[in-house]
Amino acid sequence: MTNPARSAILLDGPMRPADVVAVARHDATLRVSAELERTLRAARAVVDRHLAQDVPVYGLTTGLGAGVDTRLSGDDLAAFQARVVDGRAIGVGPALPREAVRAMMAARIGGMAAGGSGVSLPVFSALVAALNAGAHPVVPEFGSIGAADLAPLAHMSRGLLGLGEAEWRGDVVPASVALARAGLEPLPLGPKDGHALVVANSLSTGLACLRLADIDRLFDWSLAAAALMFEAFRANVVALDARALSARPAFGQAEVAHQLRMLLGGGALLETGAARRLQDPLSFRCIPQVWGALYHAIDEARRATEIELGSSGDNPVVLADEGLMLSQGNFDLTAFVLSWERLGQAVAHCASATTHRIMTIMSADMTGLPRFLSPLGASRSGFQPVQKLASAMEAHIRHLALPISLGPIPVSDGVEDQASMAPAVLAKTEAMLGHMRHLVAIELIAAAQAVELRGVASALGQGSRSIHAAVRGEVAALVEDRATGPDITRLAALIAASPAPSGEATLGGD
């Protein structure tokens, strides 16, 4: 793939999560290579041969789900594909955001590009053209249980058939109007095309690409907050010693400790005897271990997402080289979902530790600083009310970390008795990251205040100094009591939108 930061991405191989983000958030366009067109034609030729032979093929010459035992008549093959789309448009709830729809469309294109869908080239090209033109069907949030995102993809496909509603340049209009304004024709569905459009996990995969970009940026900001909190508490940097960590090389901890050492580099905290105590609370001392677990979980979720984005989850899958169409269960997302559930639980551990550090830095008994970090004394509330917000955010994150992927009831006459709830897993991950941004913002604000009260702002490490400046660029120091909610909101927005200051190179990327 070409660099996703460019305005056009050439489809000549597997898409990357960053490509989907470029399309979804920065309106990058897709170009289809001649080699990919040959791949799609070869797969379609296999579909056409099976159709000509009139053999039973799921979703091509038979019905779907419990209707697999029903053969389709020759004059019903194309009409059936339109019914596949229309009949599965059962979504309800608020419309997905524009970026989610674009991510889903891009992910479906990426899955088709793997060559196993058997979609016709005109339909594939029309899907690419709609995405490039900015015609976005209105897709309700709820309807998929994660055994292929049938409902969201059906609403997407229905919109591109000119049915329902679509968003065009900020306006929601009848889908037929959006297509006309974009200079597009409705999708030309042929045999298997409707099924090929909906039988994938493209919403889940597209959302995962967006969440990876979000968690990468948040991870870096969270480490930046931890580094500034180390300075504020005068924590013992022995906990970051590479020699000690190598005695038990748990996942990610060496990388996290290295990044923290780089952020603190050049500052007085690294000098012998600078620490306030021999051993700090575990929420300080175990940052390499806890954030290392998150680092590892992000890597696992990234690899799981890359597999889904660059592979054929279609059923049946077309194997062009062998001339086969094989029914299987490659659409099942158990491994993918477990990776994301695990990531959510790792975020919850980090949220808990972050909240503990926030409470600690505001405790006069623990720090020797003014209670609740108020420079005007106990007649002021200082940051005490903010503790309630931090506690609430941590509780929400901990609740959302509970698994949702277990237990969907069987559907389709018991034929579909396994599902992953993948879209719900990605939705709760998004909510967790939103709450975590607020926690990180609180930690940054509290640490910046404590650094100043301790009088060590001039002795910060190079990275810590940049972090402190970034906080003060958005939020003034707290002197007299004031509304701090707007401060936290503003800094959380910065965390969502901007790269974190770094001591060297950040661990994540966008």
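Scroll up to find the structure this text is about.
This write-up is about the structure you can find in this document. Here the structure is a predicted model, which means the values were calculated and not measured. (Residues numbered from 1 in each chain as written. Predicted model: local features only at pLDDT ≥ 70, side-chain atom pairs only at ≥ 80, totals over all residues. Heavy atoms only, no water.)

1. Things to note about the sheet that holds strand β7 (residues 171–174)
Hydrogen bonds between backbone groups are what pair the strands of a sheet, and the pairing can be parallel or antiparallel. Spelled out, the test is: Pairs of strands are assigned from DSSP output, requiring at least two bridges between the strands. Under the scheme used here, helices are H or I runs from DSSP no shorter than 4 residues and strands are E runs no shorter than 2 residues, and both carry numbers assigned from the N terminus. What counts as an axis is a line fitted to C-alpha atoms, over the stretch in contact for a helix, and the angles between N-to-C directions run from 0 to 180 degrees. It only takes one pair of heavy atoms within 4.5 Å for two residues to be counted as in contact.
Within the open sheet, the 3 strands sit side by side as β4-β6-β7. Their pairing is antiparallel. Each of the sheet's edge strands pairs with one partner strand only, and the pair in question is β4 (135–137) and β7. Ignoring strand direction, the axes of neighbouring strands in this sheet form an average angle of 35°. Sheet topology places β4 next to strand β6 (residues 165–168); 3 bridges connect them, and they run antiparallel. By the bridge assignment for β6, His136 is matched with Glu167. Relative to the sheet, helix α4 (residues 98–113) contacts β4 and β6, its axis offset from that of β4 by approximately 95°.

2. A short note on the packing of aromatic side chains
How two aromatic rings sit relative to each other is given by the distance of their centres and the angle of their planes. Threshold: Stacked, tilted and edge-to-face are the three classes assigned to paired rings of Phe, Tyr and Trp, where Trp is represented by its six-membered ring and a pair needs centres within 6.5 Å; plane angles under 30 degrees give stacked, over 60 edge-to-face, the rest tilted. Residue burial is assigned from relative accessible area. The probe radius is 1.4 Å, only protein chains are included, and a residue is buried under 20% of its type maximum, exposed over 50%, and partly exposed in between. Here, over-ring charges are defined by two tests on the NZ atom of lysine or the CZ atom of arginine: distance to the ring centre within 6 Å, and angle to the ring normal within 35 degrees.
Enumeration over the complete set of coordinates arrives at 4 aromatic pairs. Both rings, one in Phe230 and one in Phe284, keep their centres 6.3 Å apart while their planes meet at 55°; by these two values the pair is tilted. Placement of Phe230 in helix α9 (residues 202–233) and of Phe284 in helix α12 (residues 282–285) is noted, with a sequence separation of 54 residues between them. There is no split in this pair, since Phe230 and Phe284 are both buried. Relative to Trp340, the ring of Phe336 lies with its centre 6.4 Å away and its plane at 50°, an arrangement referred to as tilted. Placement of the pair is Phe336 and Trp340 together in helix α14 (residues 334–361), with a separation of 4 residues, close to one helical turn. Neither Phe336 nor Trp340 differs from the other in exposure class; each is buried. Between Arg276 and the ring centre of Phe233, over which it is positioned, the NZ or CZ distance is 5.1 Å.

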